[in-house]
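Geometric and topological summary
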Amino acid sequence: MSRIEKRFAQLKADKRAGLVTYITAGDPDAEISYQILKGLPGAGADLIELGMPFTDPMADGPSIQLAGQRALKAGMTVDKTFDMVRRFRKETGDNDTPILLMGYYNLIYQRGAERFCKDAAAAGVDGFILVDLPPEEADELKPHAAANGLDTVLLTAPTTDDKRLPAVLKFASGFVYFVSVLGITGTKSATEEAVRTHVERIKRHTKLPVGVGFGIRTPEQAAAVARHADAAVVGTAIIDHVKAGLDDKGKAKPELVPGVFAYIKALADGVRGVRKA
Amino acid sequence: MPTTPNSFRTGPDERGHYGIFGGRYVAETLMPLILELEQAYNEAKADPQFQGELKYLLTQYAGRPSPLYYAERFTKKLGGAKVYFKRDELNHTGSHKINNVLGQVLLAKRMGKTRVIAETGAGQHGVATATACALFDIPCVVFMGSVDVDRQAPNVARMKMLGAEVRPVKAGAATLKDAMNEALRDWVATCETTFYCIGTVAGPHPYPAMVRDFQCVIGEEVRKQMMEAEGRLPDTLVACIGGGSNAMGLFHPFLDDASVRIIGVEAAGRGLDTEEHAASLTGGRPGVLHGNRTYLLQDKEGQITEAHSISAGLDYPGIGPEHSWLKEQGRVEYVSATDDEAVEAFQVLCKLEGIIPALESSHAVAYTMKIAPTLPKDNLLVMNLSGRGDKDVPQIAARLGIQIR
């Protein structure tokens, strides 16, 4: 059983949904970013998405675009991202919280899918969410991911109809990520009714847990998603709290890290307040 | 031993791959729409009514066929190959871009889309798209890097006059790559009603093949015109390359004619030995961006690096995937010309032939000036004069210090 499978099994036993938190690796710099990563489980994150900064994040809104630019400017690299994960596993002793790398395929392709998967697994990574790698192009990565025990979380969208869903799910493992709105990250939010309808539809096709993301900003929205899905994913709103903790020169103010944790705790309270059958 | 394919014209495969290049690297939200587009395009391609309508517009509205002109003074000055210009700069809207746009906007109408978006660098594709959208009464939004908005101001004014909304993009280096990112972001949010009209032979499948098909009218006309003028095929073809649509349109119909030497000219900016150029085939390596795998300018990690060219239309760190494949097959030679060489060629063409070329096409002129003198006098060289330079007049006048009064 992978860490991701174990975590969702535990959430089911606890009769609640999970909270998935996204941060951009290296934003605003490697050290502060690590301090945030280290404290995420304590603040209430059940799974962690670690964004790999990329120059051309075509599916991201302004908040995550700028976070990526801050990280790249501060010298973030793929190796340093792996180092963050390695240090997290070693220093916290947390061997249960899944960490997924999120980003764009070119960084993997340049290292080579095989070597990237080996390096990621060795660092303590559990899987990938790759925005620009639909199932049609995933066969280059999938065998190496599987050989290294890495899950490939595929995205489904409101445009992914019943006819297409099986083709997407064939390559999916860990969980299914439902992008709840048409658009880029952090712009609009789905209604609870739309989330419910789509999650039910996806669950008719798969036994995998379903996580829902894009546009979740408040504990109330997170709770609404938790009523229907197995996990709520929050990204942009967390990045906005990182940004709010920066001074005029882009340096982290002392209240940055605690501010991010306080916000995540509120989200977690929202998610944990929903009792599941 | 690498084998030579029986034909260079059969690609892509059913998944949109040219060898390892091409493909569909897009967000899942867009995948169903791209599959729908592919199906709609295949149906349109086989529909005589669609083809008839396109042919009518190309002839009566855009002014095709464009002339194949023997540039006698230019030829004599160079003292080598007999140089012909394919005069695609005489098309309505001033470049080859209209060939593709009329096809795509007709397709958008056929698919029932109610809004069209486009990215543009030099503004030629933006102007062509704004034009077709005015003609077909469809709302049009053009994304353009804010640096390009400044350096191609006449085209911005034209787009606005034609009723299009121009959205300046400030991200990154604020040039063509960033405009394409922003167009893709818009499309993810609006894909159910919006048609994305890509201006070059790049992006996710089916765009590279579709844009190529619409541009092949250039090469097909040259074939016929050269037979009429000289009774045989040309020996040498030259075209400039940013994304590579005018070049692909000229080259593709000749790829299987082994006697035809084919040369694509990339923008070498301030020189290939600097980091300020846009020659992705010469200075880049394969990577994944904007929906396809192709040669890209990038660092060791795979972060995309900024391109540089004096010409906004060539200022892009990638290239169409079929060009990447043709490079690796060795069928097409890819060379380059610098900013300075392009500006020099621009002036030569103005004074020798009375033609003001676009800065993009000036790169093809520059390489023609280099290679023609080395070729025999009976070598028939066709250079694609893909755009006119009206849009570049203020920029070049300032650079050359031309006094108005």
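Summarised in this report is the structure supplied together with it. Nothing here was measured: the structure is a model prediction, and the numbers come from that model.

**Topic: helix α12 (residues 256-272) of chain A**
Residues and elements named next belong to chain A. Here α12 spans 24 Å end to end across 17 residues, near enough to the 24 Å set by a 1.5 Å rise per residue. Of the positions making up α12, those classed as buried are Leu256, Val257, Val260, Tyr263, Ile264, Leu267, Ala268, Gly270 and Val271. Buried residues of α12 fall within an arc of 155 degrees about the axis and therefore sit on the same side. Those residues of α12 that are buried are in contact with β1 (18-24), α2 (30-43), α10 (219-226), β9 (231-234) and α11 (236-244).

**Concerning the pairing of β9(A)**
Residues and elements named next belong to chain A. Residues Ala231 and Val233 point to one face of β9 and Ala232 and Val234 to the other, with burial holding for every one of them. Two elements, strand β8 (residues 210-213) and β9, share two bridges in a ladder whose sense is parallel. Within β9, the residue paired with valine 212 across the bridge is alanine 232. For the handedness criterion, the β-α-β arrangement of β8, α10 and β9 is classed as right-handed.

**Brief notes about the environment of His17(B)**
Its location among the elements puts His17(B) in strand β1 (residues 17-18). Taking the relative accessible area as the measure of exposure, His17(B) reaches 13% and is therefore buried. Put simply, His17(B) and Ser361(B) are 344 residues apart on the chain and 28 Å apart in space, counted from C-alpha to C-alpha. Those residues in contact with His17(B) that lie beyond four places of it in its chain are Glu137(A), Pro12(B), Gly22(B) and Gly23(B). A polar contact is formed between the side chain of His17(B) and the side chain of Glu137(A), at a distance of 3.0 Å.

**Section: the interface of chain B and chain A**
Taken together, the contacts link 36 residues of chain B with 39 residues of chain A. In total, chain B and chain A occlude about 3,000 Å² of area from one another, counting both sides; carbon and sulfur atoms represent 49% of this. The three residues of chain B that bury the most area against chain A are Glu28(B), Arg185(B) and Glu301(B), which together make up 24% of that side's buried surface. A salt bridge links Asp139(A) to Arg15(B); the nearest nitrogen and oxygen atoms lie 3.5 Å apart. Our count for the contact surface shared by chain B and chain A stands at 25 residue pairs in polar contact (both at pLDDT 80 or more). Only β2 (21-25), α1 (31-45), α8 (176-190) and β11 (285-289) of chain B provide two or more residues apiece to the side of chain B that touches chain A. For the side of chain B that touches chain A, the element with the highest residue contribution is α8(B), accounting for six residues. Each residue belonging to the side of chain B that touches chain A can be placed in one class, and the counts come to 17 nonpolar, nine polar and ten charged.

**Side note on the pairing of strand β13 (residues 333-338) of chain B**
All names here are of chain B. Most of β13 is tucked away, with five of its six residues classed as buried. Summarising the sheet, strand β10 (residues 261-269) and β13 pair through six bridges and their orientation is parallel. When the bridges of β13 are listed, glycine 269 appears paired with threonine 338.

Criteria and cut-off values
Residues numbered from 1 in each chain as written. Chains lettered and ligands numbered in written order. Predicted model: local features only at pLDDT ≥ 70, side-chain atom pairs only at ≥ 80, totals over all residues. Heavy atoms only, no water. Helix = DSSP H or I, 4+ residues; strand = E, 2+ residues; numbered from the N terminus. Expected span 1.5 Å × (residues − 1). Buried < 20%, exposed > 50% of the residue type's maximum accessible area, 1.4 Å probe, protein only. Arc of directions from axis to C-beta. Contact = heavy atoms within 4.5 Å. Pairing = 2+ DSSP bridges. Right-handed = clockwise from strand over helix to strand, strands pointing away. Polar contact = N/O pair within 3.5 Å; in protein donor to acceptor, adjacent residues only side chain to side chain. Buried area = accessible area lost by both parts, 1.4 Å probe. Salt bridge = Lys/Arg side-chain N within 4 Å of Asp/Glu carboxyl O. Nonpolar A, V, L, I, M, F, W, Y, C, P; charged D, E, K, R; others polar.

Shape is all these values report; function is a separate question.
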